[in-house]
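# Descriptive analysis of the structure
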Amino acid sequence: MWKYYEKEKNYSAAARILAKLADRDRDTDNFTLWDRIDYISRAILCAKACSTSLNNEGEFLHELEDKMDVAQLQLNIYSSLEQMTSNPAAQAALSDLNRLIDISTLYSDYAERFNLAECQLAIIHCAGHHDPLLVQKLWRELLAQEINSTQNLPQVSVMSSLRNKILLLGNIYQAAEKFFPTQFIVQQLEVISCRGGWDQSWVVDTMLQIPTSHSHLHSTYTSLLQMKLPCWEQLGAPYHLHIVTSLLLTSYVAHLNNVPLLERKPLLCEIQDVIDAHVVDLQASVSAGSDVTSALSRFKALQASFNKY
């Protein structure tokens, strides 16, 4: 019937029939979640083709787009459960996911139940639900799951996989800081990097690729240093953040060379004060290793470079 209405250019009627087909209660193996998404997609195209500008048509299109957003979340959950081949409960849940499910049920009965942190984050983002502690918990679990899934791979592969995940999620969520808490994410990544003995510029390079601005990263690392978290002492790297900051500021100052001089000078003065504080801290180090010595040299080179401005 919808094809007839579409052929007759009665797109409103076609869209409504397609929407009903997507919601139809059919439990056969021949009617899958992909079929329902296809019907919703066709319904959206028909709704957009409507020439009428009546409010009810606009509202209907909005409902269809919301339905598609939730269906895509459901598809992500389906794909995640499909990979959990050794979990009988997850495999049993797949058949239930061939019918459209509301967003609250998707979260509680599937994403949360099977500890799908990435899917949980996507759901609360879609719903606009802001809970800072929950977001931090999900990011912590998400990062741990990514590391665990690659633990048998060479270190370079682990680093590459995690970077790709951060870049992917950064592009999705960075515009909404409440779902992409930069300071918390950087802290977690630096702990992972430090514990694994990774390249000390790995986190900064990753965040810059999203891209995150040098200035935002600078303020992020400044805040982390001010927190004086005990984890760095526990990791046997009390000056880890100083070392990373020396790499970040070297890149930042080089980046500022492209900024007009009048705009550059206030930023350089601010950075110079920060560098002076780092130099004092590192010079006070009782047992300075080669990494600390290198960081101190970078800071002093930056101090010297300011003389030309």
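Here is a short report on the structure shown in this document. (Residues numbered from 1 in each chain as written. Predicted model: local features only at pLDDT ≥ 70, side-chain atom pairs only at ≥ 80, totals over all residues. Heavy atoms only, no water.)

## Describing the pattern of salt bridges
All chains considered together, the criterion is met by 4 salt bridges. Lys67 serves as the salt-bridge partner of Asp23, at 3.1 Å between the closest nitrogen and oxygen. Taken together, the residues span a long stretch of sequence, with Asp23 in helix α2 (residues 11-23) and Lys67 in helix α4 (residues 55-82) at a distance of 44 residues. For Asp23, a relative accessible area of 42% puts it in the partly exposed group. In this structure, the salt-bridge partner of Lys137 is Glu141, at a minimum N-O distance of 2.9 Å. Placement of both Lys137 and Glu141 in helix α8 (residues 132-149) is noted, with a separation of 4 residues, approximately one turn of the helix. (Salt bridge = Lys/Arg side-chain N within 4 Å of Asp/Glu carboxyl O. Helix = DSSP H or I, 4+ residues; strand = E, 2+ residues; numbered from the N terminus. Buried < 20%, exposed > 50% of the residue type's maximum accessible area, 1.4 Å probe, protein only.)

## A word on the environment of Asp109
Relative to the elements of secondary structure, Asp109 occurs in helix α6 (residues 103-111). On the accessibility criterion, Asp109 (38% relative accessible area) is partly exposed. Spatially, the C-alpha atom of Asp109 lies 12 Å from that of Tyr78, the residues being 31 residues apart in sequence. A polar atom in the side chain of Asp109 sits 3.2 Å from the side chain of Ser108. (Polar contact = N/O pair within 3.5 Å; in protein donor to acceptor, adjacent residues only side chain to side chain.)

## A look at the packing of helix α7 (residues 117-127) against α8
Where α7 contacts α8, the two axes come as close as 8 Å, and the packing angle between them is 150°. The angle between α7 and α8 places the two elements in the roughly antiparallel class. Here α7 runs over α8; the crossing is left-handed. Touching Ala117, Glu118, Gln120, Leu121 and Ile124 of α7 are Leu134, Val135, Leu138, Trp139, Glu141, Leu142 and Gln145, all from α8. Considering only residue class, the contact of α7 with α8 consists of 8 nonpolar, 2 polar and 2 charged. (Axes fitted to C-alpha atoms, helices over the stretch in contact; angles between N-to-C directions. Parallel < 35°, antiparallel > 145°, perpendicular 65-115°, else oblique. Left-handed = near helix turned anticlockwise from the far one by under 90°. Contact = heavy atoms within 4.5 Å. Nonpolar A, V, L, I, M, F, W, Y, C, P; charged D, E, K, R; others polar.)

## Let's talk about the nonpolar core
Core analysis: the biggest nonpolar cluster contains 81 residues, and Ile77, Leu81, Tyr110, Trp139, Leu189, Met207 and Tyr221 have the highest contact counts within it. It is α4 that contributes the most residues to this core, 11 residues altogether. Every residue in contact with Met207, bar those within four places of it in the chain, is listed here: Ile166, Phe180, Thr182, Val186, Leu189, Thr212 and Leu217. Leu249, Ile271, Val279 and Leu296 belong to the second-largest nonpolar core, a separate cluster that totals 18 residues. (Core = buried A, V, L, I, M, F, W, Y, C linked by side-chain atoms within 4.5 Å.)

## Description of α2
Under the 1.5 Å per step criterion, the end-to-end length of α2 is 19 Å for 13 residues, consistent within 8% with the ideal 18 Å. Those residues of α2 that sit buried are Ser12, Ala13, Ala14, Ala15, Leu18, Ala19, Leu21 and Ala22. (Expected span 1.5 Å × (residues − 1).)

## Some remarks on the state of the cysteines
In protein chemistry, a disulfide is the covalent bond that joins the sulfur atoms of two cysteines. Under the defined criterion, the tally for this structure stands at 0 disulfides. Left unpaired, Cys194 is separated from the closest cysteine sulfur, that of Cys231, by 8.3 Å. On the basis of relative accessible area, Cys194 is assigned to the buried category, the value being 17%. (Disulfide = S-S within 2.5 Å.)

## Considerations on the packing of α2 against helix α3 (residues 33-49)
For the pair α2 and α3, the least separation of the axes is 8 Å and the interaxial angle reads 160°. Accordingly, the angle class assigned to the pair α2 and α3 is roughly antiparallel. Handedness of the α2/α3 crossing: left-handed. Residue-level inspection shows Tyr11, Ala14, Ala15, Leu18, Ala19, Leu21, Ala22 and Asp23 of α2 in contact with α3, the latter providing Arg36, Tyr39, Ile40, Arg42, Ala43, Cys46, Ala47 and Ala49. Split into classes, the residues belonging to the contact of α2 with α3 amount to 13 nonpolar, no polar and 3 charged.

## Let's talk about helix α5 (residues 88-96)
Regarding α5, the residues found buried are Ala90, Ala93 and Leu94. Seen from one end, α5 has its buried residues packed into an arc of 120°, which puts them on one side. One side-chain oxygen of the residue at the start of α5 lies 3.0 Å from the amide nitrogen of Ala89, identifying that residue as Asn87. (Arc of directions from axis to C-beta.)

## Side note on the side chain of Glu146
Note on placement: Glu146 falls in helix α8. One buried charged residue, Glu146, forms no salt bridge at all, with the nearest opposite charge on Lys165 at 4.2 Å. The residues touching Glu146, leaving out its near neighbours within four places in the chain, are Ser161, Leu162 and Lys165. (Lys, Arg positive; Asp, Glu negative; His and termini not counted.)

## Digging into the environment of Thr245
With respect to the element layout, Thr245 can be found in helix α14 (residues 240-256). In the structure, Thr245 is positioned 209 residues away from Arg36 in sequence and 50 Å away in space, judged by C-alpha atoms. With residues near it in sequence (within four places) discarded, Thr245 still touches Tyr221, Leu225, His278 and Phe299. Polar side-chain contacts of Thr245 include one of 2.6 Å to the backbone oxygen of Leu241.

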